[in-house]
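A look at the structure
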Amino acid sequence: MRLTRVFVDGDLQAGQRLAVDGSAGNHIVRVLRSRVGDELTVFNGRGGEYSASIEEIRRDTVQVRVRAHRNDERESGFDLTLAQGISRGERMDWVVQKATELGVTRIVPVFTERSVVHLDEKQAQKKVQHWRGIAIAACEQCGRNIVPAIEAPIAVYELLEKDVTGIGLLLSPGAPLRIADIRADGAVTVLIGPEGGLAQVEQDAALRAGFTPVRMGPRVLRTETAAVCALTLLQQKFGDL
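Below is a summary of the structure that appears in this document. (Residues numbered from 1 in each chain as written. Predicted model: local features only at pLDDT ≥ 70, side-chain atom pairs only at ≥ 80, totals over all residues. Heavy atoms only, no water.)

1. Details of the environment of Asp93
Take Asp93: it is sitting in helix H2 (residues 89-101). Classification of Asp93 by relative accessible area gives buried; the value is 18%. Considering only alpha carbons, one finds Asp93 and Ile179, 86 residues apart in sequence, at a separation of 25 Å. Aside from chain neighbours lying at most four places away, what touches Asp93 is His130, Trp131 and Ile134. (Helix = DSSP H or I, 4+ residues; strand = E, 2+ residues; numbered from the N terminus. Buried < 20%, exposed > 50% of the residue type's maximum accessible area, 1.4 Å probe, protein only. Contact = heavy atoms within 4.5 Å.)

Printed below as a string of C-alpha coordinates:
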(Lines give C-alpha, C1' and ligand atoms only; values in the text may rest on other atoms or scores of the structure.)
Protein backbone atom coordinates (compact mmCIF):
# COMPACT_ATOMS: atom_id res chain seq x y z
CA MET A 1 0.00 0.00 0.00
CA ARG A 2 1.38 3.41 -0.98
CA LEU A 3 2.09 5.72 1.97
CA THR A 4 0.69 9.23 2.20
CA ARG A 5 3.36 11.81 1.38
CA VAL A 6 3.36 15.16 3.19
CA PHE A 7 5.46 18.23 2.42
CA VAL A 8 6.88 20.05 5.48
CA ASP A 9 8.31 23.54 4.98
CA GLY A 10 11.21 23.42 7.41
CA ASP A 11 14.13 21.38 8.71
CA LEU A 12 13.59 17.68 9.32
CA GLN A 13 15.58 15.20 11.37
CA ALA A 14 15.10 11.71 12.72
CA GLY A 15 13.37 11.63 16.12
CA GLN A 16 11.73 15.03 15.68
CA ARG A 17 8.08 15.53 16.67
CA LEU A 18 6.25 18.03 14.51
CA ALA A 19 2.76 19.38 14.01
CA VAL A 20 1.12 19.16 10.60
CA ASP A 21 -1.80 21.57 10.39
CA GLY A 22 -3.55 23.81 7.87
CA SER A 23 -4.65 22.26 4.60
CA ALA A 24 -2.20 19.35 4.97
CA GLY A 25 -3.54 18.47 8.42
CA ASN A 26 -7.12 18.80 7.23
CA HIS A 27 -6.37 16.51 4.27
CA ILE A 28 -4.84 13.85 6.51
CA VAL A 29 -7.71 13.92 9.01
CA ARG A 30 -10.83 14.62 6.97
CA VAL A 31 -10.00 13.32 3.50
CA LEU A 32 -7.66 10.39 4.15
CA ARG A 33 -9.32 9.53 7.49
CA SER A 34 -5.91 8.70 8.96
CA ARG A 35 -5.61 7.44 12.51
CA VAL A 36 -3.01 7.36 15.28
CA GLY A 37 -0.32 4.86 14.34
CA ASP A 38 -0.69 5.29 10.59
CA GLU A 39 2.57 5.57 8.66
CA LEU A 40 3.47 8.60 6.52
CA THR A 41 6.33 9.87 4.39
CA VAL A 42 7.45 13.47 4.97
CA PHE A 43 9.82 15.59 2.88
CA ASN A 44 10.86 19.26 2.75
CA GLY A 45 11.72 19.64 -0.93
CA ARG A 46 15.47 19.74 -0.39
CA GLY A 47 16.18 16.13 -1.23
CA GLY A 48 15.49 12.81 0.42
CA GLU A 49 12.50 11.85 2.55
CA TYR A 50 11.69 10.52 6.03
CA SER A 51 9.46 7.77 7.26
CA ALA A 52 7.07 8.99 9.96
CA SER A 53 4.03 7.95 11.97
CA ILE A 54 1.03 9.73 13.46
CA GLU A 55 1.19 10.02 17.26
CA GLU A 56 -1.76 12.29 17.99
CA ILE A 57 -4.69 13.93 16.20
CA ARG A 58 -6.47 17.03 17.51
CA ARG A 59 -9.09 18.36 15.13
CA ASP A 60 -7.11 19.36 12.02
CA THR A 61 -3.67 19.23 13.66
CA VAL A 62 -1.67 16.02 13.38
CA GLN A 63 1.32 15.32 15.61
CA VAL A 64 3.87 13.30 13.67
CA ARG A 65 7.03 11.53 14.80
CA VAL A 66 9.80 11.68 12.20
CA ARG A 67 11.81 8.50 11.88
CA ALA A 68 14.49 7.24 9.48
CA HIS A 69 15.83 9.30 6.60
CA ARG A 70 15.84 7.77 3.13
CA ASN A 71 18.00 9.02 0.28
CA ASP A 72 15.43 7.99 -2.32
CA GLU A 73 15.34 10.40 -5.26
CA ARG A 74 13.11 10.33 -8.33
CA GLU A 75 14.66 13.29 -10.12
CA SER A 76 15.50 13.23 -13.78
CA GLY A 77 19.17 13.66 -14.60
CA PHE A 78 18.07 15.93 -17.46
CA ASP A 79 18.13 19.66 -16.68
CA LEU A 80 14.89 20.87 -18.27
CA THR A 81 13.45 24.38 -18.02
CA LEU A 82 9.93 25.28 -19.16
CA ALA A 83 9.48 28.94 -20.13
CA GLN A 84 5.69 29.07 -20.37
CA GLY A 85 3.63 31.95 -21.69
CA ILE A 86 1.19 32.70 -18.89
CA SER A 87 -2.27 31.41 -19.71
CA ARG A 88 -5.56 31.87 -17.92
CA GLY A 89 -6.50 30.30 -14.58
CA GLU A 90 -6.74 26.56 -14.58
CA ARG A 91 -4.72 26.18 -17.79
CA MET A 92 -1.57 27.56 -16.18
CA ASP A 93 -2.24 25.61 -12.99
CA TRP A 94 -2.54 22.43 -15.03
CA VAL A 95 0.73 23.12 -16.85
CA VAL A 96 2.58 23.64 -13.54
CA GLN A 97 1.13 20.40 -12.16
CA LYS A 98 1.97 18.27 -15.18
CA ALA A 99 5.39 19.86 -15.71
CA THR A 100 6.25 18.93 -12.12
CA GLU A 101 5.08 15.36 -12.65
CA LEU A 102 7.20 15.19 -15.82
CA GLY A 103 10.34 16.16 -13.91
CA VAL A 104 11.14 19.72 -14.98
CA THR A 105 13.90 21.45 -13.07
CA ARG A 106 12.54 24.97 -13.39
CA ILE A 107 9.41 26.80 -14.56
CA VAL A 108 9.64 30.40 -15.77
CA PRO A 109 6.23 32.08 -16.31
CA VAL A 110 6.51 34.52 -19.22
CA PHE A 111 4.47 37.61 -20.19
CA THR A 112 4.01 37.96 -23.95
CA GLU A 113 2.24 40.28 -26.37
CA ARG A 114 -0.76 37.96 -26.55
CA SER A 115 -0.95 37.18 -22.84
CA VAL A 116 -4.46 37.75 -21.54
CA VAL A 117 -3.24 37.64 -17.94
CA HIS A 118 -1.74 40.85 -16.54
CA LEU A 119 -0.27 40.96 -13.03
CA ASP A 120 1.21 43.72 -10.92
CA GLU A 121 4.13 42.92 -8.60
CA LYS A 122 1.93 41.97 -5.64
CA GLN A 123 -0.34 39.80 -7.78
CA ALA A 124 2.68 38.14 -9.36
CA GLN A 125 4.08 37.25 -5.93
CA LYS A 126 0.75 35.69 -4.94
CA LYS A 127 0.64 33.75 -8.19
CA VAL A 128 4.14 32.36 -7.65
CA GLN A 129 3.10 31.13 -4.19
CA HIS A 130 -0.06 29.63 -5.69
CA TRP A 131 1.92 27.84 -8.41
CA ARG A 132 4.47 26.64 -5.86
CA GLY A 133 1.62 25.13 -3.85
CA ILE A 134 0.47 23.27 -6.95
CA ALA A 135 4.02 22.04 -7.58
CA ILE A 136 4.32 20.84 -3.97
CA ALA A 137 1.03 18.93 -4.22
CA ALA A 138 2.26 17.37 -7.46
CA CYS A 139 5.49 16.32 -5.73
CA GLU A 140 3.47 14.72 -2.94
CA GLN A 141 1.54 12.75 -5.53
CA CYS A 142 4.31 11.74 -7.93
CA GLY A 143 7.08 10.97 -5.44
CA ARG A 144 9.50 13.80 -6.14
CA ASN A 145 11.47 15.00 -3.13
CA ILE A 146 12.81 18.17 -4.76
CA VAL A 147 10.29 20.88 -5.67
CA PRO A 148 11.03 22.49 -9.04
CA ALA A 149 11.92 26.18 -8.93
CA ILE A 150 9.02 28.48 -9.83
CA GLU A 151 10.50 31.81 -10.86
CA ALA A 152 8.84 35.22 -10.78
CA PRO A 153 7.05 36.08 -14.05
CA ILE A 154 9.16 38.02 -16.54
CA ALA A 155 8.64 39.54 -19.99
CA VAL A 156 9.62 37.32 -22.90
CA TYR A 157 12.29 39.80 -24.02
CA GLU A 158 13.82 39.76 -20.54
CA LEU A 159 13.99 35.97 -20.77
CA LEU A 160 15.72 36.17 -24.14
CA GLU A 161 18.30 38.63 -22.81
CA LYS A 162 19.36 36.19 -20.11
CA ASP A 163 21.77 33.30 -20.46
CA VAL A 164 19.37 30.50 -21.34
CA THR A 165 20.07 27.20 -19.60
CA GLY A 166 21.47 24.88 -22.27
CA ILE A 167 20.02 25.00 -25.76
CA GLY A 168 16.82 26.93 -26.39
CA LEU A 169 13.86 25.43 -28.24
CA LEU A 170 10.92 27.45 -29.54
CA LEU A 171 7.64 25.70 -30.30
CA SER A 172 6.53 26.89 -33.73
CA PRO A 173 3.89 25.12 -35.89
CA GLY A 174 5.73 25.85 -39.15
CA ALA A 175 9.21 24.80 -38.04
CA PRO A 176 11.12 22.32 -40.26
CA LEU A 177 12.52 20.34 -37.31
CA ARG A 178 10.91 18.11 -34.71
CA ILE A 179 12.14 17.37 -31.20
CA ALA A 180 13.31 13.99 -32.50
CA ASP A 181 15.75 15.88 -34.76
CA ILE A 182 17.36 17.84 -31.91
CA ARG A 183 20.70 16.97 -30.34
CA ALA A 184 21.55 18.18 -26.83
CA ASP A 185 24.53 17.33 -24.65
CA GLY A 186 23.17 19.04 -21.55
CA ALA A 187 20.31 21.25 -20.45
CA VAL A 188 17.36 22.41 -22.54
CA THR A 189 15.02 25.40 -22.18
CA VAL A 190 11.76 25.17 -24.12
CA LEU A 191 9.73 28.34 -24.79
CA ILE A 192 5.97 28.00 -25.33
CA GLY A 193 3.56 30.83 -26.07
CA PRO A 194 0.21 31.41 -24.31
CA GLU A 195 -3.22 31.16 -25.92
CA GLY A 196 -2.75 32.47 -29.46
CA GLY A 197 0.97 31.69 -29.43
CA LEU A 198 3.89 34.09 -29.62
CA ALA A 199 3.69 37.13 -31.88
CA GLN A 200 5.92 37.03 -34.95
CA VAL A 201 8.16 39.76 -33.52
CA GLU A 202 8.67 37.64 -30.40
CA GLN A 203 9.47 34.56 -32.45
CA ASP A 204 11.99 36.57 -34.46
CA ALA A 205 13.60 37.79 -31.22
CA ALA A 206 13.84 34.19 -29.96
CA LEU A 207 15.58 33.15 -33.17
CA ARG A 208 18.08 36.00 -32.81
CA ALA A 209 18.70 34.84 -29.24
CA GLY A 210 19.70 31.42 -30.56
CA PHE A 211 16.50 29.44 -30.03
CA THR A 212 15.83 26.61 -32.48
CA PRO A 213 12.22 26.37 -33.72
CA VAL A 214 10.59 22.92 -33.52
CA ARG A 215 7.14 21.71 -34.44
CA MET A 216 4.82 19.31 -32.62
CA GLY A 217 3.23 17.73 -35.67
CA PRO A 218 0.67 18.89 -38.25
CA ARG A 219 -2.02 19.87 -35.74
CA VAL A 220 -2.15 23.11 -33.76
CA LEU A 221 -2.13 22.27 -30.05
CA ARG A 222 -3.50 24.28 -27.15
CA THR A 223 -0.77 25.84 -25.05
CA GLU A 224 -1.29 23.41 -22.15
CA THR A 225 -1.33 20.40 -24.51
CA ALA A 226 1.81 21.63 -26.26
CA ALA A 227 3.63 21.95 -22.93
CA VAL A 228 2.85 18.41 -21.82
CA CYS A 229 3.63 16.97 -25.25
CA ALA A 230 6.96 18.81 -25.57
CA LEU A 231 8.12 17.93 -22.06
CA THR A 232 7.20 14.29 -22.57
CA LEU A 233 9.13 14.05 -25.83
CA LEU A 234 12.14 15.82 -24.34
CA GLN A 235 12.20 13.53 -21.28
CA GLN A 236 11.83 10.52 -23.55
CA LYS A 237 14.75 11.60 -25.74
CA PHE A 238 17.10 13.06 -23.14
CA GLY A 239 15.68 12.17 -19.72
CA ASP A 240 14.22 9.22 -17.86
CA LEU A 241 10.97 8.30 -19.63
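So that's the structure; there's more coming.
2. Thoughts on the packing of aromatic side chains
One pass over the structure, following the stated rule, counts two aromatic pairs. Here the aromatic rings of Phe7 and Phe43 are separated by 5.6 Å at their centres, their planes lie at 70°, and the arrangement is edge-to-face. Here the residue Phe7 occupies a position in strand S1 (residues 4-7), and Phe43 occupies one in strand S3 (residues 39-43), the gap between them amounting to 36 residues. As far as the burial class goes, Phe7 and Phe43 line up, both buried. (Phe/Tyr/Trp six-rings, centres within 6.5 Å; stacked < 30°, edge-to-face > 60°.)

3. Examining the layout of surface pockets
Counted as a void, the largest pocket has a volume near 520 Å³. The wall of the largest pocket is formed by 23 residues, among which Arg5, Val6, Phe7, Ala24 and Glu140 lie closest to the centre. Residue composition of the lining of the largest pocket, grouped by class: 12 nonpolar, six polar and five charged. Lining of the second largest pocket is provided by 25 residues; of these, Leu171, Pro173, Gly197, Val220 and Leu221 occupy positions nearest its centre. When residues of the lining of the second largest pocket are assigned to their parent elements, the largest contribution, three residues, is made by helix H6 (residues 223-238). Counted by class, the lining of the second largest pocket contains 11 nonpolar, seven polar and seven charged residues. (1 Å grid on protein atoms, 1.4 Å probe; cavity = no way out; pocket = protein on both sides within 12 Å on 5 of 7 lines; lining within 4 Å. Points joined across faces, edges and corners; volume = space filled by probe spheres on them. Nonpolar A, V, L, I, M, F, W, Y, C, P; charged D, E, K, R; others polar.)

4. Considering the nonpolar core
Membership of the largest hydrophobic core comes to 38 residues, with the highest contact counts inside it found for Leu171, Val190, Leu231 and Leu234. Of all elements in the fold, only strand S6 (80-85), H2, strand S7 (106-111), helix H3 (121-142), strand S10 (167-171), strand S11 (188-192) and H6 reach the threshold of two or more residues within this core. The greatest single-element share of this core, amounting to six residues, is contributed by H3. The contacts of Leu171, once residues within four sequence positions are left out, are Val190, Leu191, Ile192, Val214, Met216, Ala226 and Ala230. Of all hydrophobic cores here, the second largest spans 15 residues; its members include Val8, Ile28, Val42 and Val66. (Core = buried A, V, L, I, M, F, W, Y, C linked by side-chain atoms within 4.5 Å.)

5. Brief notes about the packing of H2 against H6
Following both chains from N to C, one finds H2 and H6 inclined at 10°, their axes separated by 9 Å at the closest point. Comparing the axis directions of H2 and H6 gives the class roughly parallel. Of the residues in H6, those in contact with Arg91, Trp94, Val95, Lys98 and Ala99 of H2 are Glu224, Ala227, Val228 and Leu231. (Axes fitted to C-alpha atoms, helices over the stretch in contact; angles between N-to-C directions. Parallel < 35°, antiparallel > 145°, perpendicular 65-115°, else oblique.)

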